[in-house]
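# Summary of structural features
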Amino acid sequence: KNEERKNIRRYFTGRKKKVSLWAVEKVWASVADVAVVPLQDILGLGSKARMNIPGTASGNWGWRLKTKQFTNNHIHLLKKLNKKYNR
């Protein structure tokens, strides 16, 4: 896991954002027609907010967005990315 993190940080050299936000921006910057990321990544919630753990029969799909989790900062971020990458 530490090696994966090192590789990610090398890929995103010079960035000061959280890794999850770096990944979100890379998805938005792609040439794909549609950009889809889990809301948990936009919110920066980490692995505790996973919706599904492969190979696990129970306890999946229980995460729910709480009203105050999605803030004006998140809206601003998505607007900025949509404008920057013409989405």
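This write-up is about the structure you can find in this document. (Residues numbered from 1 in each chain as written. Predicted model: local features only at pLDDT ≥ 70, side-chain atom pairs only at ≥ 80, totals over all residues. Heavy atoms only, no water.)

### Describing unusual backbone geometry
Positive phi, normally seen in glycine, also occurs at W61, with a value near 65°. Checked against the element boundaries, W61 lands in the loop between α3 (39-43) and α4 (72-84). Although it is not a glycine, N86 adopts a positive phi angle of roughly 55°. Within the element layout of this structure, N86 appears in the segment after α4. Residue class for N86 comes out exposed when judged on its relative accessible area of 72%. (Helix = DSSP H or I, 4+ residues; strand = E, 2+ residues; numbered from the N terminus. Buried < 20%, exposed > 50% of the residue type's maximum accessible area, 1.4 Å probe, protein only.)

### Here we look at helix α2 (residues 19-29)
Among all positions in α2, only W22, V24, E25 and W28 are buried. Buried residues in α2, looked at end-on, bunch into an arc of 160°, giving them a common side. Of the surrounding elements, those touching the buried residues of α2 are α1 (2-11), α3 and α4. (Arc of directions from axis to C-beta. Contact = heavy atoms within 4.5 Å.)

### Some details on the nonpolar core
Counting residues in hydrophobic clusters, the biggest one holds eight residues: V24, W28, A35, V37, I42, L77, L78 and L81. Within the residue set of this core, elements represented by two or more residues are α2 and α4. Looking at which element gives the most residues to this core, the answer is α4, with three residues. Discounting residues that sit within four places of it in the chain, I42 has contacts with L21, V24, V37, H74, L77 and L78. (Core = buried A, V, L, I, M, F, W, Y, C linked by side-chain atoms within 4.5 Å.)

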